[in-house]
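What the coordinates show
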Amino acid sequence: MILDGSIHSWDERRDIIALSTEEEAVAFAAEHWIHTAQRAIQQKGHFFVALSGGSTPQKIYAQIVSRYKDAIDWTKVHLFWSDERDVPLNHTESNYYMAMESGFKTLPIPPNQIHPMRTKADTVASAADYEDLLHRILGPSPFDLVMLGIGEDGHTASLFPHSLALQEEEKWVVSNTIPTTEKKRITFSFKAIHHSARIEILVIGQSKQAIVPLVLNSAIRSPFPASAIGTNEVKALWILDRAAAHLLSDSERS
Ligand code: 6PG
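The sections below set out a description of the structure shown in this document.

Calculation criteria
Along each chain, the written sequence defines residue order, and numbers are assigned to residues from 1. Owing to the predicted nature of the model, reporting of local features is limited to residues with pLDDT of at least 70; listing and counting of side-chain atom pairs is limited to 80 or more, with chain, interface and lining totals taken over all residues. No hydrogens and no water enter the side-chain calculation; it runs on all heavy atoms of the structure. Geometry of aromatic contacts follows a simple scheme: Phe, Tyr and Trp rings, the Trp one being its six-membered ring, pair when their centres are within 6.5 Å, and the pair is stacked under 30 degrees between planes, edge-to-face over 60, tilted otherwise. Comment: elements are numbered from the N terminus, with helices defined as DSSP H or I runs of at least four residues and strands as E runs of at least two. Classification of residues uses two cut-offs on accessible area relative to the type maximum, computed with a 1.4 Å probe and protein chains only: under 20% is buried, over 50% is exposed, and between them is partly exposed. Two strands make a pair as long as DSSP finds a minimum of two bridges between them. Lines fitted to C-alpha atoms define the axes here, with helix axes fitted over just the stretch in contact, and angles between the N-to-C directions of these axes take values from 0 to 180 degrees. We call two residues in contact when some of their heavy atoms are within 4.5 Å. Near residues are defined by distance, with any heavy atom within 4 Å of the molecule or strand qualifying the residue. In protein, a polar contact means a hydrogen-donor-capable atom and an acceptor-capable atom, both N or O and within 3.5 Å, with residues adjacent in sequence counting only if both atoms are side-chain atoms; elsewhere, any N or O pair within 3.5 Å suffices. When residues are sorted by character, Ala, Val, Leu, Ile, Met, Phe, Trp, Tyr, Cys and Pro go into the nonpolar class, Asp, Glu, Lys and Arg into the charged class, and all the rest, Gly among them, into the polar class. Here a salt bridge means any side-chain nitrogen of Lys or Arg lying within 4 Å of a carboxyl oxygen belonging to Asp or Glu. Cavities and pockets were defined on a 1 Å grid built from protein atoms only: a cavity is a group of points that admits a 1.4 Å probe but offers it no way out, a pocket is an open group of points flanked by protein on both sides within 12 Å along at least five of seven lines, and a lining residue is one with an atom within 4 Å of any such point. Grid points are joined across faces, edges and corners, and a volume is the space filled by probe spheres set on the points. Here a helix's expected span is defined as the number of its residues, less one, multiplied by 1.5 Å. The arc refers to the directions leading from the helix axis to the C-beta atoms.

Under the definition given, this model contains eight aromatic pairs. Summarising the aromatic geometry, the rings of tryptophan 33 and phenylalanine 104 are spaced 5.8 Å apart at their centres and angled 45 degrees between planes, so their arrangement reads as tilted. A residue pair is termed long-range when its members are at least 10 positions apart, and tryptophan 33 in helix α1 (residues 22-44) and phenylalanine 104 in the loop between α3 (95-101) and α4 (123-138) qualify at 71 residues. For the pair tryptophan 33 and phenylalanine 104, one class covers both residues: buried. Cluster of aromatic residues (ring-pair linked, three or more members): Trp33, Phe47, Tyr61, Trp74 and Phe104.

Strand order in the open sheet formed by three strands is β5-β8-β7, and the pairing between neighbours is antiparallel. The open sheet is flanked by β5 (83-85) and β7 (173-177), the only strands paired with a single partner. The mean inter-strand angle of the sheet, taken between neighbouring strand axes irrespective of direction, is 20 degrees. The pairing of β5 with strand β8 (residues 184-188) spans three bridges and is antiparallel. Looking across to β8, one finds that glutamate 84 is bridged to isoleucine 186. Most of the contacts of α4 go to β7, to which it runs at about 155 degrees, and overall it touches β7 and β8.

To continue, consider the site of the ligand. Inspection of the region around the ligand gives 16 residues, with Thr56, Asp83, Arg85, Ala157 and Lys208 positioned closest. Within the backbone of alanine 157, an N or O atom sits 2.6 Å from an oxygen atom of the ligand. Among the residues making up the shell around the ligand, the classes are represented as two nonpolar, ten polar and four charged.

Let us now look at the pattern of salt bridges. Throughout the structure, instances matching the rule amount to nine salt bridges. Residues lysine 59 and glutamate 22 are paired through a salt bridge, measuring 2.8 Å at the closest nitrogen-oxygen approach. Separated by 37 residues along the polypeptide, lysine 59 in helix α2 (residues 57-68) and glutamate 22 in helix α1 bring together distant segments of the chain.

We now examine the pairing of strand β6 (residues 145-149). Across the five residues that make up β6, a large majority, five, are buried. Residues Leu145, Met147 and Gly149 of β6 are buried on one face, and the alternating residues Val146 and Leu148, pointing to the opposite face, are buried as well. Examined bridge by bridge, strand β3 (residues 47-51) and β6 share two bridges and lie parallel to one another. Directly across from valine 49, in β6, lies its bridge partner leucine 145. Examined bridge by bridge, β6 and strand β9 (residues 199-203) share four bridges and lie parallel to one another. Across the sheet, the residue bridging to valine 146 is isoleucine 199, located in β9.

Taken as a whole, the largest pocket holds about 300 Å³ of empty space. Taken together, 21 residues form the lining of the largest pocket, with Gly53, Gly54, Gly149, Ile150 and His155 sitting closest to its centre. Among the residues making up the lining of the largest pocket, the classes are represented as seven nonpolar, ten polar and four charged. Top element by residues in the lining of the second largest pocket is β7. It accounts for four residues.

Helix length check: α1, at 23 residues, gives a terminal C-alpha distance of 32 Å against a target of 33 Å (1.5 Å per residue), a fit within 8%. With its phi angle positive at about 80 degrees, glycine 45 sits one or two positions after the end of α1.

Our next topic: α4. With 16 residues, α4 extends 22 Å from end C-alpha to end C-alpha; this agrees with the ideal 22 Å at 1.5 Å per step. Residues of α4 that are buried: Thr123, Ser126, Ala127, Tyr130, Glu131, Leu133, Leu134 and Leu138. Relative to the axis of α4, the buried residues are bounded by an arc of 160 degrees and lie together on one face. Among the exposed residues of α4, those oriented more than 90 degrees off its buried face are Val124 and Arg136. Those residues of α4 that are buried are in contact with β3, β4 (77-81), β7 and β8.

Quick look at the structure:
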């Protein structure tokens, strides 16, 4: 029974947990984030996390800050972002701005360990700069956690259906253009997303109930980029609430 609030294996690349309410899903995601951080800091002396954008993670970030501010040594944390819009860092549409305003700006994370994607006029150069930063900071280590969401069209990070970034197999960070709006983004490639010890996809709310079964039941090279997230080596954990998981049924599991 998928909707029983425990973690199930969906297939060899994905695990899934569906909590009854948004509040329970937020609480689970915040606790999972902190446990991942505690384990990484204990085992490796750092927590390298790529934050997701959009609206879904706002309450999760706020709960991490309000409930767990004393739970980890924040001086061991490095914040990265898995994608960014082509706007200034103080713009309300910025994923960096959203995360900091959700509460991360109140935490004692050393400023030189907060790594926003700085978009410039030339987003290709911005992407290359961020890739250089990742290699410099991460060294041989993978991310400890990459956080993602999905859009109603099945995009994740800023990997949109039919966009050129889907074909990127070498770079970690690329400029991408949203085909439907021509707006530019900077985004992790699939290669960067899978260069992580843990990957989670946060999906909350009724607006996502139609896309969830489509993404989970489509092949990797489907029209939905989020279908490709997760590997046999690094399973992606889907964290949903009952509203987003509403159209899933046990019969669909592998
Ligand atoms: C972004 C995100 C994007 C987001 C999805 C879901 O920059 O918007 O990286 O991939 O996760 O669009 O957004 P919501 O959480 O707002 O539904």
